[in-house]
Amino acid sequence: MAQDPDCIFCKIVAGELPSLVVAEDDDTVAFLDVNPATPGHTVVIPKAHHRDLLTIDDDALQATLATARRVAATASDRLDAVGINLVNNCGAGAWQTVFHFHVHVIPRYEDDPLRLPWVPTPGDRDEITATHARLTA
Ligand code: AMP
Ligand code: ZN
């Protein structure tokens, strides 16, 4: 299994750094985030080192998402969450700080402080059409 000796999440997988594990199987592990956005905020990772969403293989991605869904269901049941956000940051430009692929499972509660970081407003139709062309040409 691919490991990076300088990666803090690989060190968690190897038991070299402590973590509070909430779910684990052969290919994935989920542990509580040390800087929780809300109570129960969990980081779900493949045990093998993959840098990010663009480089992880489909099998490892699928296994990680399956564990994320299990964690989400448990948080819903046990923490009385009213909803769950799954977040993945891919690349430093998108706030990724640990370069071992992970999915954040963030339970949501009535009146918690989290807000969308952008204000949804209708897009420019021509710009949307031009972007569609760039993505599909
Ligand atoms: P990201 O910014 O998407 O790369 O998220 C990395 C996350 O890992 C952050 O939410 C950190 O709080 C969390 N984190 C970093 N080190 C640890 C650790 N040793 N144990 C648990 N969570 C960690
Ligand atoms: Zn790693």
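Located above this text is the structure these notes cover.
All values derive from a computational prediction rather than experimental measurement. (Residues numbered from 1 in each chain as written. Chains lettered and ligands numbered in written order. Predicted model: local features only at pLDDT ≥ 70, side-chain atom pairs only at ≥ 80, totals over all residues. Heavy atoms only, no water.)

(A) Structural view of the side chain of Thr42. Locating Thr42 in the fold gives a position in strand S3 (residues 42–46). Side-chain polar atoms of Thr42 contact the backbone oxygen of Gly40, separated by 2.7 Å. For Thr42, the contacting residues outside a window of four places in its chain are Val22, Ala30, Phe31, Leu32, Asp33, Val71, Val103, His104 and Val105. (Helix = DSSP H or I, 4+ residues; strand = E, 2+ residues; numbered from the N terminus. Polar contact = N/O pair within 3.5 Å; in protein donor to acceptor, adjacent residues only side chain to side chain. Contact = heavy atoms within 4.5 Å.)

(B) Representation of the site of ligand 1. Among the 15 residues in the neighbourhood of ligand 1, the closest are listed as Asp33, Asn35, Asn89, Thr97 and His104. Here Asn35 contributes a side-chain N or O atom positioned 2.7 Å from an oxygen atom of ligand 1. For ligand 1, whose unbound accessible area comes to 500 Å², protein coverage reaches 84%. By residue class, the composition of the shell around ligand 1 is eight nonpolar, six polar and one charged. (Near = heavy atom within 4 Å. Areas by Shrake-Rupley, 256 points an atom, 1.4 Å probe, with all protein chains shown as cover. Nonpolar A, V, L, I, M, F, W, Y, C, P; charged D, E, K, R; others polar.)

(C) Quick look at helix H3 (residues 125–136). In a regular helix each residue adds 1.5 Å, so 12 residues correspond to 16 Å; H3 covers 17 Å between its end C-alpha atoms and thus fits that length. In terms of burial, H3 is largely open, as just zero of its 12 residues are buried. Backbone nitrogen of Asp126 and a side-chain oxygen of the N-cap are separated by 3.3 Å at the start of H3; the cap is Asp124. (Expected span 1.5 Å × (residues − 1). Buried < 20%, exposed > 50% of the residue type's maximum accessible area, 1.4 Å probe, protein only.)

(D) Layout of the nonpolar core. Within the largest apolar cluster, 11 residues are counted, these being Ala23, Ala30, Val44, Ile56, Ala60, Ala68, Val71, Ala72, Phe101, Val103 and Val105. When contributions to this core are tallied by element, the ones reaching two or more residues are helix H2 (58–78) and strand S5 (103–108). In terms of residues, this core owes the most to one element, H2, which gives four residues. Residues contacting Ile56, with those up to four places away along its chain left out, are Pro46, His50, Leu61, Thr64 and Phe101. Cys7, Phe9, Phe31 and Ile45 belong to the second largest nonpolar core, which has nine residues in total. (Core = buried A, V, L, I, M, F, W, Y, C linked by side-chain atoms within 4.5 Å.)

(E) Geometry of the coordination of the zinc ion (ligand 2). Within the first shell, the zinc ion (ligand 2) binds the protein through Cys7 (SG), Cys10 (SG), His49 (ND1) and His100 (ND1), at distances of 2.0 to 2.3 Å. Spacing between the donor residues of the zinc ion (ligand 2) along their common chain follows C-x2-C-x38-H-x50-H. Residue Cys7 is found in the segment before helix H1 (8–13), and its partner His49 is found in the loop between S3 and H2; the two are separated by 42 residues along the sequence. One exposure class covers both Cys7 and His49, and it is buried. (Donors = N, O, S within 2.8 Å, 3.2 Å for Na, K, Ca; no water.)

(F) Molecular detail of H2. When the terminal C-alpha atoms of H2 are compared, their 30 Å separation across 21 residues agrees well with the 30 Å that a helix rising 1.5 Å per residue should span. Three or more residues of H2 are buried, namely Ala60, Ala63, Thr64, Thr67, Ala68, Val71, Ala72 and Ala75. In this structure, the buried side of H2 is in contact with strand S1 (21–24), strand S2 (28–32), S3, strand S4 (83–87) and S5. The backbone nitrogen of Asp59 lies 3.1 Å from a side-chain oxygen of the residue at the head of H2, namely Asp57. Asp80 occupies a position one or two residues after H2 and carries a positive phi of about 55°.

(G) Representation of the environment of His41 in the model. Looking at where His41 falls in the secondary structure, it is placed in the loop between S2 and S3. Residue classification places His41 among the buried positions, given a relative accessible area of 5%. Taking the C-alpha atoms as reference, His41 lies 7.0 Å from His104; in sequence the two are 63 residues apart. Every residue in contact with His41, bar those within four places of it in the chain, is listed here: Leu32, Asp33, Asn35, Pro36, His104, Val105, Ile106 and Pro107. Separated by 2.9 Å, the side chain of His41 and the backbone nitrogen of Ala37 make a polar contact.

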